[in-house]
Each structure stands twice: as structure tokens, then as C-alpha cells.
Amino acid sequence: MNMQEYIEEAERDLLHTYNRYQIVWDKGDGVYLYDINGKKYLDFVSGIAVFALGYNNKAYNDALKAQIDKVIHTSNYYYNVPAIEAAKKLKKVSGMDRVFYTNSGAEAIEGALKAAKKYAYLKDGRTDHEIIAMEHSFHGRTMGALSVTGNPHYREAFEPLIPNIKYATLNDFESVKAQVTDKTCAIIMETVQGEGGIHPVTEDFLKQVKALCEEKDILLILDEIQCGMGRTGTMFAWQRYGVKPDIMTCAKAIGCGIPVGAFLMTEKVAQNSLTSGDHGTTYGGNPLACTAISKVLDLFEEQKVLDNVNEVGEYLAGKLDELVLKYDFIKARRGLGLMQGLAFDKPVSEIINKALERGLLLINAGTQVIRFIPALIVSKENVDDMIAILEECLA
Ligand SMILES: *Cc1c(COP(=O)(O)O)cnc(C)c1O
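Residues numbered from 1 in each chain as written. Predicted model: local features only at pLDDT ≥ 70, side-chain atom pairs only at ≥ 80, totals over all residues. Heavy atoms only, no water.

### Some thoughts on the pattern of salt bridges
- Evaluated as defined, the whole model comprises 24 salt bridges.
- Across the pair E392 and R358 runs a salt bridge, and its minimum N-O distance is 2.9 Å. Here E392, found in helix α15 (residues 380-394), pairs with R358, found in the loop between α14 (349-357) and β15 (360-361); they are 34 residues apart in sequence, far enough to count as distant.
- According to the relative accessible area criterion, E392 is partly exposed, its value standing at 46%.
- Put simply, R126, D128, E130, K166, D182 and K183 are held in one network by salt bridges that share partners. (Salt bridge = Lys/Arg side-chain N within 4 Å of Asp/Glu carboxyl O. Helix = DSSP H or I, 4+ residues; strand = E, 2+ residues; numbered from the N terminus. Buried < 20%, exposed > 50% of the residue type's maximum accessible area, 1.4 Å probe, protein only.)

### Notes on the side chain of H129
- The residue H129 is located in the loop between α5 (105-124) and β5 (130-134) in this model.
- For H129, a relative accessible area of 8% gives the class buried.
- Side chain to side chain, H129 and D124 meet in a polar contact 3.0 Å long.
- Not counting residues up to four positions away in its chain, the partners in contact with H129 are K117, A120, Y121, D124, N164, K183 and C185. (Polar contact = N/O pair within 3.5 Å; in protein donor to acceptor, adjacent residues only side chain to side chain. Contact = heavy atoms within 4.5 Å.)

### Thoughts on unusual backbone geometry
- Of the consecutive residues E159 and P160, the connecting peptide bond is found in the cis state with omega at 0°.
- Within the secondary structure, P160 is located in the loop between α7 (152-155) and β6 (165-168).
- Unusually for a residue other than glycine, S46 sits at a positive phi of about 45°.
- With respect to the helices, strands and loops of the structure, S46 is situated in helix α2 (residues 46-49).
- The backbone of M229 shows a phi angle near 55°, a positive value even though the residue is not glycine.

### Comments concerning the nonpolar core
- Membership of the largest hydrophobic core comes to 104 residues, with the highest contact counts inside it found for I187, M189, F372 and L390.
- Viewed by domain, this core spans two of them, domain 1 (3-53 + 304-394) and domain 2 (60-302), each represented by three or more residues.
- Those residues in contact with I187, other than ones at most four positions away along the chain, are I132, M134, V176, V209, L212, C213, I218, L219, L220 and I221.
- A112, L113, A186 and I221 belong to the second-largest nonpolar core, a separate cluster that totals 27 residues. (Core = buried A, V, L, I, M, F, W, Y, C linked by side-chain atoms within 4.5 Å. Domains from an automatic or database assignment.)

### Observations regarding the state of the cysteines
- If you walk through the whole model with that rule in mind, you get zero disulfides.
- With no disulfide of its own, C227 lies closest to C250 among cysteine sulfurs, the gap being 10 Å.
- This cysteine, C290, is not joined by any disulfide, and C250 carries the nearest cysteine sulfur, 12 Å off. (Disulfide = S-S within 2.5 Å.)

### Quick word on the environment of T127
- For T127, the location among the structural elements is in the loop between α5 and β5.
- Accessibility expressed as a relative area gives 72% for T127, which makes it exposed.
- Between the C-alpha atoms of T127 and K117, which are ten residues apart in sequence, the distance is 8.4 Å.

### As for the site of the ligand
- What surrounds the ligand is the set S104, G105, A106, F138, H139, G140, E190, D223, I225, Q226 and K252.
- At 2.7 Å from an oxygen atom of the ligand is found a main-chain nitrogen or oxygen belonging to A106.
- In the environment of the ligand, an oxygen atom lies 2.6 Å from a nitrogen or oxygen atom belonging to the side chain of K252.
- In isolation the ligand has 380 Å² of accessible area, and contact with the protein removes 81% of it. (Near = heavy atom within 4 Å. Areas by Shrake-Rupley, 256 points an atom, 1.4 Å probe, with all protein chains shown as cover.)

### Focus on the sheet that holds strand β1 (residues 25-29)
- The sheet built from four strands is open, its strands ordered β1-β2-β3-β15 with mixed pairing. Each edge of the open sheet is held by one strand with a lone partner, namely β1 and β15.
- With four bridges joining them, β1 and strand β2 (residues 32-35) adopt antiparallel strand pairing. Residue pairing across strands places D29 opposite Y32, the latter belonging to β2. (Pairing = 2+ DSSP bridges.)

### Looking at the packing of helix α13 (residues 305-326) against α15
- The interhelical angle for the contact between α13 and α15, taken along N-to-C directions, is 20°, at an axis separation of 10 Å. Classed by the angle they form, the pair α13 and α15 counts as roughly parallel. Considering only the axes of α13 and α15, their crossing is right-handed. In this structure, α13 contributes E311, V312, Y315, L316, K319, L320, L323 and K326 to the contact, and α15 contributes K380, V383, D384, M386, I387, L390, E391 and L394.
- Considering only residue class, the contact of α13 with α15 consists of ten nonpolar, no polar and six charged. (Axes fitted to C-alpha atoms, helices over the stretch in contact; angles between N-to-C directions. Parallel < 35°, antiparallel > 145°, perpendicular 65-115°, else oblique. Left-handed = near helix turned anticlockwise from the far one by under 90°. Nonpolar A, V, L, I, M, F, W, Y, C, P; charged D, E, K, R; others polar.)

Here it is, written out as C-alpha cells:
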């Protein structure tokens, strides 16, 4: 079948919940993807911040293949070695104490919310606890994650969702304080808002929220699903600010393409929240998924991925800043490390489509922001190539 025939068949058979770009992929290599006609694309999307190590990483592929030949799934009635090893490594890089494996980011958010509710329930026995989330946040598409997603447009048709969710404004501490009551059990936010347009939290704001949480025994949940796993230059974005959450969620790059996520918590939360029978998942933490996590964490260290993020991230930010100065329709650059956004004064879809024709993959974050979230092994040369194509599209 040719590309057009595949696309027509897809649009007949798949539920149409995505407006897809008109490309059918064949394979990937490093920071490049190839469509089924052999056309090569420089990829600054990396499967939405997933393929941190680049496509077709041999050491990663070999580890997965070896595990496939041993055992792929055994269930959570038993222990398995990759899950134990991956947990040890996750604890080491995060400083958190306990890990629960999930299959996606949204599922990690569900678990985090349940842990926070149970923690508060064990304290006072109430069943009407409140959670404070941020406007313009994104935490996923399942009913619980949607309940704390600060985009009314995503939520409306699915109401009623989880009750007692209140919204505050990111980086406006007074707006958070104004929503706190004696029923507040958790405050949840992305350390760097992704889908909402690449907005990092400010250090002051995060520190003030953390102090408030400690004062009132409210749990701070940081969603590191997109901004975590090295993307901003530290393993987790909160480490830059030295503000440790009580519960943290991760997914996306943690498995580099194998569908996996996790929520992690401190020992205090672990000892006073979810217990036997409270939570579970059939696939979560299976040997194949955990081999992926384990190998990804090894390769981050071996390949000094964080050093590359800091070096190339700074270079990318500099190049994007030049564009802000040069073009008056580009309003600002925002972001940290290799999680960058360019804010325009108009919709960016046309620019993204032009880039696609020229073999460059970019995505938006909201209608007026182009998001740059390449593989974390991207080089300065790749950045130069990307900027050259982007400038052709801006002209
Ligand atoms: C992608 C994302 C999610 C949802 O993850 P899924 O794996 O798509 O369920 C949640 N939070 C943030 C910040 C994300 O970027």
C-alpha cells in the first residue's frame, strides 16, 4: 500500500480522536525518522518528549530483546528482578523512597491523587477533601487526571468529574493561598507546564507553596511526566529548585518508548496512604517495562546525557533568543534545557506544516507556541540544521 492508502485505511478503522499529520512512519535512527517512502525528517518532537536516547539505540534495543527472550510478563502476584533493579535506580536519581509502576502518565496521576486522598482520609476520616490544581495545566485524559487538568475545554463534556477540585494560577502564590481550606489534601502542578505553553514554575513560587504545604500538612504533587528525566538539565526539574515533592509522577522518557510510568513518594506518605488492596494494575512494573526503565537510567549515566542537555540546551536557547530579536511576530522564548517554547503573536500551525514539508518535525504547545523537545542526545549541529529550516519557514 502507498502512504495515501494507509492513511485512508487508518481514517476508516481508527477512532478519529487525533488530527494527525499526513505521514506514515517506517523507522527511526538517532534524531531522525524515516517515512515509508524513505523521506528523512529531523525530529524535534521525539514522540512527545519520550525518546530521550534517540531512536534505535543499540544498547537499549539489545537489553529489551534479551528480556523478551527471558520473560515479558508475570503479574504483580510475584516479584521480578528488573522491577527491583529499576526501583533502586529510580530512588537513587530522585531521592524519593517508594515507587509504584504504571503503564502511562495519566495512570501515574491517578495513583498520586489516590495516595493523597488516602493520606488525608487516614488523618481525619473525612471524605470531602479538596485538591488544588493550576490553570492551563495538563495531567492526562483519564477521568481523575482530567479533573485536575486546567483546561475547561478538555473537561466540559465529561463532567461531573472528581469533585472538590479548585484552580489557582501558576506562579501566583496568593491565588494558591486563597484556595486553601482545612479540607485541602494536595496541591498538584507540573514543575514546567508542557501542553499549556512551556511555563516553568518560579523558584519563589515553588518554595512558598512547599512551605505552605509543610505548615498545613498538605501533600505537594509534582508532575514530572514531561519535564522530568533529564529534559530540563537536572534529572527532575524540581531538583534545580531544591524543593522536593511528597509525591512525584513520571512517564514519557522514563521508558524511552515502552509504555510505562510511575509515581514515587516519600516514606512518610508511603507509611500513611495506600496499602494492600488499595491500588493495583495488571501490567504495571512488568519485567519488559522495567528492563526499559533500568536500561534507560544506566544509559543516562554512561552517555552523560545530563551534560549534553545542559550544553545543547543552552545553545538552543541562545539560538531561539536570536529569533525573538530578529522577528517581531515572535514574542518570547520560555523554557529550561531541552524543553523550550517560542511564543508567537499568531497561530503556529502553518509554520509547523511548512517545516514538515522541509523534513523537520516540530509541535505546538497551545495554538501560538512552537515546542522544542528533541531527543536528549541531540547535537549543536542538529540545532543549527533545525534553526536553518525553521528560518526558511519564518521568512
Ligand atoms: C503527557 C503528560 C501526561 C499524560 O501522560 P500519558 O502517558 O499521555 O497518559 C500527564 N502530565 C504531563 C505533564 C504530560 O506531559
